[in-house]
Amino acid sequence: MIHIINKLNCHIYADDIESMFRIRHNIFVEQRGWRALKKPDGLERDELDNDDTIYFLKLCSSGRILGGMRLVPTTKPTQLSTIFRHTCTLAEPPNAPKQFEWSRYFIVDTQYRSATGKAVHMELYTGILEYAVKYDIEALSGFIDMQIYERSKRMPWNMKRLGVPVEYGGLNGEPLGCGLPIQLMVDRTMLRKTKIMWRMTKPVLATETNN
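Here the structure is a predicted model, which means the values were calculated and not measured. (Residues numbered from 1 in each chain as written. Predicted model: local features only at pLDDT ≥ 70, side-chain atom pairs only at ≥ 80, totals over all residues. Heavy atoms only, no water.)

Asks: What is the right way to read empty space enclosed by the protein from this model?
Replies: Any empty space left between the atoms is revealed when a probe the size of a water molecule rolls over them. One pass over the full model with this rule turns up 2 cavities of 30 Å³ or more. For the largest cavity, the calculated volume is near 60 Å³. Taken together, M69, W102, Y125, I128, L129, L140, W157 and L184 form the lining of the largest cavity. When residues of the lining of the largest cavity are assigned to their parent elements, the largest contribution, 3 residues, is made by helix 2 (residues 115-134). When the residues that make up the lining of the largest cavity are grouped by side-chain class, the tally is 8 nonpolar, no polar and no charged. In this structure, the second largest cavity is lined by W102, Y125, I144, I148, S152, W157, M159, I182 and L184. (1 Å grid on protein atoms, 1.4 Å probe; cavity = no way out; pocket = protein on both sides within 12 Å on 5 of 7 lines; lining within 4 Å. Points joined across faces, edges and corners; volume = space filled by probe spheres on them. Helix = DSSP H or I, 4+ residues; strand = E, 2+ residues; numbered from the N terminus. Nonpolar A, V, L, I, M, F, W, Y, C, P; charged D, E, K, R; others polar.)

So this is what it looks like as structure tokens:
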């Protein structure tokens, strides 16, 4: 199941949140080489990890984290309104109460396209969409790698490009990539078609705990 963590229940998931930051450091800094994200305490977190952030964690039956992602409201600072603002050349960065940005997507399984990794990927994305529909979120945005963008075009999604592909990284030994800013419109029909395509028949969100 996908667990939703926010400012109302973060005290219950305190250990999971610290583990998530440590896993993010291992994946984004140690494995992928994003040196600018390196922290002395080994916990990868930035200014977007705050009280407004909503975390989605895939936990196995033993409680181990298998993957995660975060959502931040676009009415507050986001990646597209700050560090990637220059990439939004076709439209302004989203800024509306019913629009959120997703980022820091990760899967612990190093073989992302393995059966295990793919299952976690599908459950995380389905969980985000279920949450968006449940809470009347109309659009999700983010800066994504071109490979992810090309794969996403095969999905039954209404995806809008906010800019053209641009190179990122490549400084001080960091990896060089190519990506673009996008916005994904969300509704019940899109969620239903996604679950049919992935042959998912049951909800994936765990019961929310807010106390």
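After that view of the structure, there is still more to cover.
Asks: Any chance you could explain the nonpolar core here in plain terms?
Replies: Buried together is how nonpolar side chains tend to be arranged in soluble globular proteins. Residues F56, L71, W102, L129, Y131, L140 and W157 are the most contacted members of the largest nonpolar core, which totals 38 residues. Per-element tally for this core: the top contributor is helix 2, with 9 residues. Core analysis: the second largest hydrophobic core is formed by 13 residues, Y13, F21, I27 and Y55 among them. (Core = buried A, V, L, I, M, F, W, Y, C linked by side-chain atoms within 4.5 Å. Buried < 20%, exposed > 50% of the residue type's maximum accessible area, 1.4 Å probe, protein only.)

Asks: What is the right way to look at the layout of surface pockets in this model?
Replies: Of the pockets and cavities examined, the largest pocket occupies roughly 1400 Å³. Lining the largest pocket are 40 residues, and of these F28, R32, W34, F143 and Y168 sit closest to its centre. Within the residue set of the lining of the largest pocket, elements represented by two or more residues are helix 1 (14-31), strand 4 (99-107), strand 5 (139-145), helix 3 (146-152), strand 7 (166-169) and strand 8 (176-185). Here the element with the most residues in the lining of the largest pocket is strand 4; it accounts for 6 residues. Split by residue class, the lining of the largest pocket holds 22 nonpolar, 10 polar and 8 charged.

Asks: Help me understand unusual backbone geometry, please; the structure alone is not making it clear to me.
Replies: The general pattern is negative phi for most residues beyond glycine and trans for most peptide bonds. Unusually for a residue other than glycine, D136 sits at a positive phi of about 60 degrees. Structurally, D136 is set in the loop between helix 2 and strand 5. Even without a glycine there, the phi angle at R199 is positive, about 55 degrees. Mapped onto the elements of the fold, R199 is located in the segment after helix 4 (188-197). The exposure class of R199 is exposed, given its relative accessible area of 77%.

Asks: Would you mind going over the pattern of salt bridges with me for this structure?
Replies: For side chains of opposite charge, pairing can occur when their charged atoms come near one another. One pass over the structure, following the stated rule, counts 14 salt bridges. Across the pair D41 and R45 runs a salt bridge whose closest N-O atoms are separated by 3.3 Å. Under the relative-accessibility criterion, R45 is labelled partly exposed at 37%. For R70, the salt bridge identified is with D49, shortest N-O distance 3.0 Å. With a gap of 21 residues between them, R70 in strand 3 (residues 65-73) and D49 in the loop between helix 1 and strand 2 (54-59) connect regions that are remote in the sequence. Here the two residues R70 and D49 agree in accessibility, since each one is buried. Three or more residues are tied together by salt bridges with common partners; here these are R24, E44, D46, D49, R70 and R104. (Salt bridge = Lys/Arg side-chain N within 4 Å of Asp/Glu carboxyl O.)

Asks: Looking at this structure, I do not really get helix 1. What am I missing?
Replies: One full turn of an α-helix is made of 3.6 residues, so residues set three or four places apart face in the same direction. Look at helix 1: 25 Å from first C-alpha to last across 18 residues, which is about the 26 Å you get at 1.5 Å a residue. Turning to helix 1, its buried residues number three or more, namely D16, I17, M20, F21, R24, H25, I27, F28 and V29. Buried positions along helix 1 lie against strand 1 (2-5), strand 2, strand 3 and strand 4. G33 occupies a position one or two residues after helix 1 and carries a positive phi of about 85 degrees. (Expected span 1.5 Å × (residues − 1). Contact = heavy atoms within 4.5 Å.)

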